[in-house]
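Results of the structural survey
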Amino acid sequence: MDSSKSSDTSSKINELARRRGFFWQSYEIYGGVGGFVTYGPLGTRLKLNIEAKIRDIFIKKLGIFEIESSVISPGQVFEASGHVNHFKEFMVKCSNCGKGFRVDQIINEKLGISLLEIEKMDFAEIKKVFRKNIFDCPECNNALKEPTQFLTMFKTTIGPYSKAIGYGRPEAAQSIFVEFNRLYKMAREKLPFGVIQIGHALRNEISPRQGLIRLREFTIADLEFFFNPEEANCNFIDEVESEVLPILLAVNRKKGIEEISNFTVREALEKKIVCSEWQIFFMVMAMKLLLEIGIPIKNQRFIEKLPWEKAHYATQCFDQEVYVDRWGWIEVSGHAYRTDYDLRCHMDASGADFRIFKEFEKPVEEVNYLLKPKMSLIGPKFKEKAEEIIADLSIVPVKEVLESFEEKGYYFVKGKKITKNQVEITQRKKIIKGKRFIPHVVEPSFGCDRLFYVALEYALKSKKNRTVLSFPRNIAPIQLGIFPLVNKDGLNDKAKTLSTFLRSEGFLVEFDDAGSIGRRYARADEAGIPLCITVDYVTMDNDTVTIRDRDLWKQVRVSINDLSKLLVDYFKEKIEFEDFGDFIESK
């Protein structure tokens, strides 16, 4: 990879983002704060459109529920979930300036040890590396202190009570788990069902350096899908079984091999590369989501997480990654099989019952045996040993005693023979109508800010020395640019009237009458506006306008009366630009 090219791409994106109002670092007048960004008018719209894509795929098409809960959670929630114990990073502080840095970044940059190898290290090994090497502060070149563990959750108190500890949620999943019983009722007490939450999360990153890729406050979309582990078949699997997933296997990653293996969904399940049908189904949906925001398959992959990389709650996990110029492969979504970990943890901590009752098709008869020692016979026979023998008889499996009686005529306890006449065994029959179990969960989790960044990078194009943002039409922050050819002879008023009409029809419109028509087209291309409509002198004669395509740089002329229907069909992807009419020949 050409480092100058990657730096240039990143610089272009950051410069364009600030200038055109996509995003910039927050609190710039106070020097800025790392890990926080402000989305401008264009960025806010683009981010909302990407989130709308997530809702379209998972809520509208699959019937997933959506909830919204608070960002601050009581401490008990994250103590029960294991985050307080596991959500920690190794950090090191400077002895002089006091700034903190991630240990993995220091070791990687100073010693060249890969991040994968560093991730395997425990705290003792990390300390050993620091004792063997002298590391200087990247900021002031003074010595760094010994590493410590840093809880990367924002901690606070709830109300005026210092003992009422709360945390800013580092994910949006736990509030779905704690509300499981209510949500299960809303699902008509039927499995499977899913719940998604799209909202802000907080992680107190030690030294965020990668712009939108690593933030302290970010937007996450966590989807928890609940199902019966004994009825784990996905009812959509036939629809996706021939889809091909690019997967980097854990076995290859251990060997340092970056080779992608392509598997159909059916192959991946048969070879047990992915263990859950629901998990691989959501991986396919994630792949399609990225296609819809402009990321080609060749620049997507799923990496199988190694044992020491997996979150504490996951038995199997894949990260969906996208290749970007500056940082290489970055994670944009995670796909974890969480089993019943979270529901069980919250059951144990809160006393709530998250078990589901599953009724059998046919009731099952269960036979139970009860064993009662005959004190009048055992006491005189075994004297001081009697109490121990009776205690042991109370815990042995009754079936085991019965089988021994049938086979030998006695049962050994504490080296003593117990015979049939010394105990009373009764039989009880019970009709079992069903059983209780804790549902299992698969989780696709999306980083919305990262999706925003990759959509922006892959939209960035250059055409005849002009910057063009070629967003897919369904996520473009502005749909239409409306321009008068010149600001006289009534063209400006006609264009304003058309803008008002199209806004009333539900389109996102930008009216621009500043500068030449060529400069307006250039500004529109840079903002990623798919179509520009120009009101010219011909419009005044016959009520037609020209429509210019952002990517083709070609124009058609259509009647204003036909405009609304054509545009609706175009943005619903029922027609292409070529279907608007014949291209106007360039003069």
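So, here's what we can say about the structure. The model shown is predicted, which means the values in this text are computed figures rather than measured ones.

All right, on to the pairing of strand β15 (residues 316–324) then. With 8 of 9 residues buried, β15 is to be regarded as a mostly interior element. As judged from the 9 bridges shared by β15 and strand β16 (residues 328–339), these two strands associate in the antiparallel manner. When the sheet's bridge partners are listed, phenylalanine 318 is paired in β16 with histidine 335. Linking β15 back to β16 in an antiparallel pair, the connection comprises 3 residues.

Counted according to the given criterion, the structure contains 35 salt bridges. Lysine 565 serves as the salt-bridge partner of aspartate 569, at 2.9 Å between the closest nitrogen and oxygen. Highlighted residues: aspartate 569 and lysine 565, both in helix α22 (residues 560–571), separated by 4 residues, approximately one helical turn. According to the relative accessible area criterion, aspartate 569 is buried, its value standing at 15%.

Bringing the sheet that holds strand β5 (residues 88–93) into the picture now. With antiparallel pairing, the 3 strands of this open sheet are ordered in space as β6-β5-β7. What marks the edges here is a single partner per strand, and that holds for β6 (100–102) and β7 (148–151). Across this sheet, the average inter-strand angle for adjacent strands is 50 degrees, counted without regard to direction. In terms of strand pairing, β5 meets β7 through 4 bridges, oriented antiparallel. Bridging from a neighbouring strand, glutamate 89 pairs with phenylalanine 150 of β7. The sheet strands contacting helix α5 (residues 103–111) are β5 and β6, and the helix crosses β6 at an angle near 70 degrees.

Each strand in a sheet pairs with its neighbour through backbone hydrogen bonds, running either in the same direction (parallel) or in the opposite one (antiparallel). Taking strand neighbours across the sheet as the criterion, the 3 strands line up as β4-β9-β8 in an open arrangement whose pairing is antiparallel. The strands lining the two open edges of the sheet, one partner per strand, are β4 (72–74) and β8 (155–157). Along the sheet, successive strands turn relative to each other by an average axial angle of 40 degrees, direction set aside. The pairing of β8 with strand β9 (residues 165–168) spans 3 bridges and is classified as antiparallel.

Here the focus is the nonpolar core. Counting 81 residues, the largest nonpolar core has Phe22 and Ile54 as its most contacted members. Of all the elements, helix α13 (residues 277–292) adds the most residues to this core, at 11 residues. In terms of domain composition, this core takes at least three residues from each of domain 1 (3–76 + 157–343 + 442–446) and domain 4 (478–580). Of all hydrophobic cores here, the second largest spans 24 residues; its members include Ala495, Val509, Ile547 and Tyr570.

Now for the pairing of strand β13 (residues 261–264). Taking every second residue as pointing to the same face, the buried face of β13 carries Ser261 and Phe263, while none of Asn262 and Thr264 on the other face is buried. Two strands pair when backbone bridges link them, and strand β12 (residues 244–248) and β13 are joined in this way by 4 bridges, in the antiparallel orientation. Bridge pairing links proline 246 to asparagine 262 in β13.

Procedures and definitions
Residues numbered from 1 in each chain as written. Predicted model: local features only at pLDDT ≥ 70, side-chain atom pairs only at ≥ 80, totals over all residues. Heavy atoms only, no water. Buried < 20%, exposed > 50% of the residue type's maximum accessible area, 1.4 Å probe, protein only. Helix = DSSP H or I, 4+ residues; strand = E, 2+ residues; numbered from the N terminus. Pairing = 2+ DSSP bridges. Salt bridge = Lys/Arg side-chain N within 4 Å of Asp/Glu carboxyl O. Axes fitted to C-alpha atoms, helices over the stretch in contact; angles between N-to-C directions. Contact = heavy atoms within 4.5 Å. Core = buried A, V, L, I, M, F, W, Y, C linked by side-chain atoms within 4.5 Å. Domains from an automatic or database assignment.

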